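Understanding the architecture of this molecule
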Amino acid sequence: MNTIQHAGWKLGLAAIALAAGTVSVVASADASPGPRRLHFIEHEVTSDMIDNGAPDFSAGDVFTIHSNMLDDAHRSVGRADIYGVVTEALPDEQSFAGTGMLHLPGGSISFASGGFEPEHILAAITGGTGVYRGASGEIAVKETDGSPDALITVILTN
């Protein structure tokens, strides 16, 4: 994971992605009753940072991330676009506020996140379009050791 993605995902922008009309195009989906869980592999394509504050990662910096969302076979099933602003940067933790969109066949899912909690990264689903109209729930992000990719779980509660 590069420095900007590490900061972005670690800061909680899960970017954060989900199937088109049917779940079959997604990496996998839980079939159990209750919230629907969709699983993806996030692979960053581009990222950038505008250093507005003190040198290096500091309050006022803006970051963007564009990623492909992949299924278990590493086929592209969508993309994620993320935008965030660093609000505080301390030696051991950073805080931010950000938003993003997961673009998928059949629609998109919007999300927002903030703060910093490295062991458990969550973003709130704030809505959607197309088959995801009125979406709510959470997006969980887990970094993978030794890989630039992250594991994404979308938990749809409606």
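Since the model is a prediction, treat every value here as computed from it, not as a measurement. (Residues numbered from 1 in each chain as written. Predicted model: local features only at pLDDT ≥ 70, side-chain atom pairs only at ≥ 80, totals over all residues. Heavy atoms only, no water.)

1. Here's the deal with the pairing of strand 5 (residues 94-104)
As paired strands, strand 4 (residues 76-89) and strand 5 are joined by 10 bridges and run antiparallel to one another. Each bridged residue has a counterpart across the sheet, and for Tyr 83 the counterpart in strand 5 is Thr 99. Between strand 4 and strand 5, which pair antiparallel in sequence order, lie four residues. As paired elements, strand 5 and strand 6 (residues 107-114) share eight bridges and run antiparallel to each other. From the neighbouring strand, Thr 99 faces strand 6, where its bridge partner is Ala 112. Hairpin connection of strand 5 to strand 6: two residues between the antiparallel strands, including Gly 106 at a positive phi of 90°. (Pairing = 2+ DSSP bridges. Helix = DSSP H or I, 4+ residues; strand = E, 2+ residues; numbered from the N terminus.)

2. Some details on the nonpolar core
Within the largest apolar cluster, 25 residues are counted, with the highest numbers of intra-cluster contacts made by Ile 109, Ile 139, Ile 152, Val 154 and Leu 156. Looking at this core, the elements with two or more residues in it are strand 2 (36-50), strand 3 (62-70), strand 4, strand 5, strand 6, strand 7 (121-130), strand 8 (137-143) and strand 9 (150-156). In contact with Leu 156, other than residues within four places in its own chain, are Pro 35, Arg 36, Leu 38, Ile 109, Ile 125, Tyr 132, Ala 135 and Ser 136. (Core = buried A, V, L, I, M, F, W, Y, C linked by side-chain atoms within 4.5 Å. Buried < 20%, exposed > 50% of the residue type's maximum accessible area, 1.4 Å probe, protein only. Contact = heavy atoms within 4.5 Å.)

3. Some thoughts on the packing of aromatic side chains
If you walk through the whole model with that rule in mind, you get one aromatic pair. Ring geometry for Phe 63 and Phe 96: centres 6.1 Å apart, planes at 55°, overall tilted. In this pair, Phe 63 sits in strand 3 while Phe 96 sits in strand 5, placing the two residues 33 residues apart along the sequence. (Phe/Tyr/Trp six-rings, centres within 6.5 Å; stacked < 30°, edge-to-face > 60°.)

4. Remarks on the environment of Thr 64
Relative to the assigned elements, Thr 64 resides in strand 3. Taking relative accessible area as the criterion, Thr 64 reaches 33% and is therefore assigned partly exposed. Taking C-alpha positions, Thr 64 is 8.9 Å from Ile 50, a pair spaced 14 residues apart along the chain.

5. With respect to the environment of Ser 110
Relative to the elements of secondary structure, Ser 110 occurs in strand 6. Between the alpha carbons of Ser 110 and Thr 99 there is a distance of 7.5 Å; along the sequence they are 11 residues apart. Excluding its chain neighbours within four sequence positions, the residues that come into contact with Ser 110 are Gly 100, Met 101, Ala 124, Ile 125, Thr 126, Gly 127 and Gly 128. There is a polar contact of 2.8 Å between the side chain of Ser 110 and the side chain of Thr 126. (Polar contact = N/O pair within 3.5 Å; in protein donor to acceptor, adjacent residues only side chain to side chain.)

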